[in-house]
Amino acid sequence: MNIRLFKPSLGSEELSAVKDAFDRSWVGLGPRVNEFEEKWAEFVGAKLAIGVNSATAALHLALATFRFPEGKKVLVPSLTFSATASAVLYNRLIPVFVDSDPITLGMDLEDMKRKFNKDVVAVMPVHYAGHPVPMELLMPWAREYGLKVVEDCAHTSGAIYKGKALGTWGDIGCYSFEEKKLMTTGDGGMMVTNEPELFKDVKAMRWVGIDKDNWKTAQTYTHKNHNALHWFYELNVLGYKYNMNDLAASIGLQQLQKLPTMNTRRSEIIHQYVDGLKDVEGVKPLLPYEPYNYVYQMFGIRAQKRDELMIHLKSHGIATGCHYTPLSLQPLFKEWGGNCPYIEQEANRFITLPLHADLTDEEVNYIIEKIVQFKS
Ligand SMILES: Cc1ncc(COP(=O)(O)O)c(C=O)c1O
């Protein structure tokens, strides 16, 4: 057995969509990106979506749209990937790390409120593993203090929470299509909002400062449009080379069609894990998974003998991981860290188990069997 922790689920549909892009000889920012943006906006029920080359870029630009004064503070969970807090530093802002709720592992809203002060301008809830942060409680509080809300949805795509898609509760939602995520474009990301005015500069910011569309510009290279000034553009904002390209978008359009099926398969696997591990001593699921209500990118357990169990699983060809070492313990972030006692201790027990849409029932049973074996 050699079971991967994560694995993209790609097929001939993606390959032929990429071939179409080759045949058109248009592989940069182009019509497929526009199409994917429209489909994504429709999928999550947002007014506007903008495609970028990663969720890291999306998070950077999301905070940048607000033009916060340098040195202001942003509340971020300690239990997240580096990108959430790096986006804060990219914008010359200061991360304020928030501890985790012991049950759900999402941001502890009480700790978040305790850490608020007059310099805080935004909050970045992360739906950790895919489990929703209670947005119905977070949003009224954030609004009361005039805070902007950027949802990091790297671990969830397509989940509806209390009637509204995750990613559309806050001001801006950011999704990831990196290869380990719920669906992939190789690398890629999407930003969404229901306030289109917020994104008025984002197209330029993701495309080196140019707010003209290259594809549309190319279509004006014709004698019929000799007044179109196709060579002209103005730089009004500082832009980055963060655009999504047509190759990625071609894959994304196919993956989006498969996403509901892939999400259902992940739910079945989580159900199988939870059921198979329920009586195993010394092991329990990371959080109260609700696989048929939400969409989870990761499945994990809390284990008493974490390191020994990981080595045992490795010796049986089962890949595992730990998501994450809390950021407040990382050397890069240490100067703002050391203040999330629960998660800084508890994360030492976390093991992420394999989860991807191509995992078979036999493989999941094998993993459960090896965990049970370790205990007995
Ligand atoms: C919570 C979280 N935010 C952001 C990112 C960044 O995503 P990307 O790799 O698309 O930049 C990740 C990636 O793993 C993540 O897990």
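Here goes a summary of the coordinates provided. Keep in mind the model is a prediction, meaning the values are calculated, not measured.

Here the focus is the sheet that holds strand 8 (residues 172–176). Read across the sheet, seven strands follow the order 1-9-8-5-4-2-3 without closing on themselves; strand pairing throughout is mixed. In the strand order of this sheet, the two ends are held by strand 1 (48–52) and strand 3 (94–98), each with one partner. Adjacent strand axes in the sheet meet at a mean angle of 25° when their direction is disregarded. Both strand 4 (residues 120–123) and strand 5 (residues 148–152) contribute to a ladder of two bridges, which runs parallel. Residue pairing across strands places Ala122 opposite Lys148, the latter belonging to strand 5. The strands touched by helix 3 (residues 55–64) within the sheet are strand 1, strand 4, strand 5, strand 8 and strand 9 (189–193), with strand 8 carrying the most contacts at an inclination of about 165°.

Volume-wise, the largest pocket comes out at about 310 Å³. In this structure, the largest pocket is lined by 23 residues; those nearest its centre are Phe81, Ala154, Ser176, Glu178 and Lys181. Going through the elements one at a time, helix 3 and helix 4 (82–90) are the ones with two or more residues in the lining of the largest pocket. Considering every element that reaches the lining of the largest pocket, the biggest residue donor is helix 3, with three residues. Here the lining of the largest pocket is composed, by residue class, of nine nonpolar, nine polar and five charged. Per-domain counts for the lining of the largest pocket show at least three residues from each of domain 1 (12–257) and domain 2 (259–375). If you add up the space inside the second largest pocket, you get close to 250 Å³. Taken together, 13 residues make up the lining of the second largest pocket; nearest its centre are His60, Ala64, Arg67, Asn91 and Tyr240. The dominant element in the lining of the second largest pocket, judged by the number of residues it contributes, is helix 3, at three residues.

Rules behind the numbers
Residues numbered from 1 in each chain as written. Predicted model: local features only at pLDDT ≥ 70, side-chain atom pairs only at ≥ 80, totals over all residues. Heavy atoms only, no water. Pairing = 2+ DSSP bridges. Helix = DSSP H or I, 4+ residues; strand = E, 2+ residues; numbered from the N terminus. Axes fitted to C-alpha atoms, helices over the stretch in contact; angles between N-to-C directions. Contact = heavy atoms within 4.5 Å. 1 Å grid on protein atoms, 1.4 Å probe; cavity = no way out; pocket = protein on both sides within 12 Å on 5 of 7 lines; lining within 4 Å. Points joined across faces, edges and corners; volume = space filled by probe spheres on them. Nonpolar A, V, L, I, M, F, W, Y, C, P; charged D, E, K, R; others polar. Domains from an automatic or database assignment.

All quantities given are derived from atomic positions and should not be read as evidence of function.
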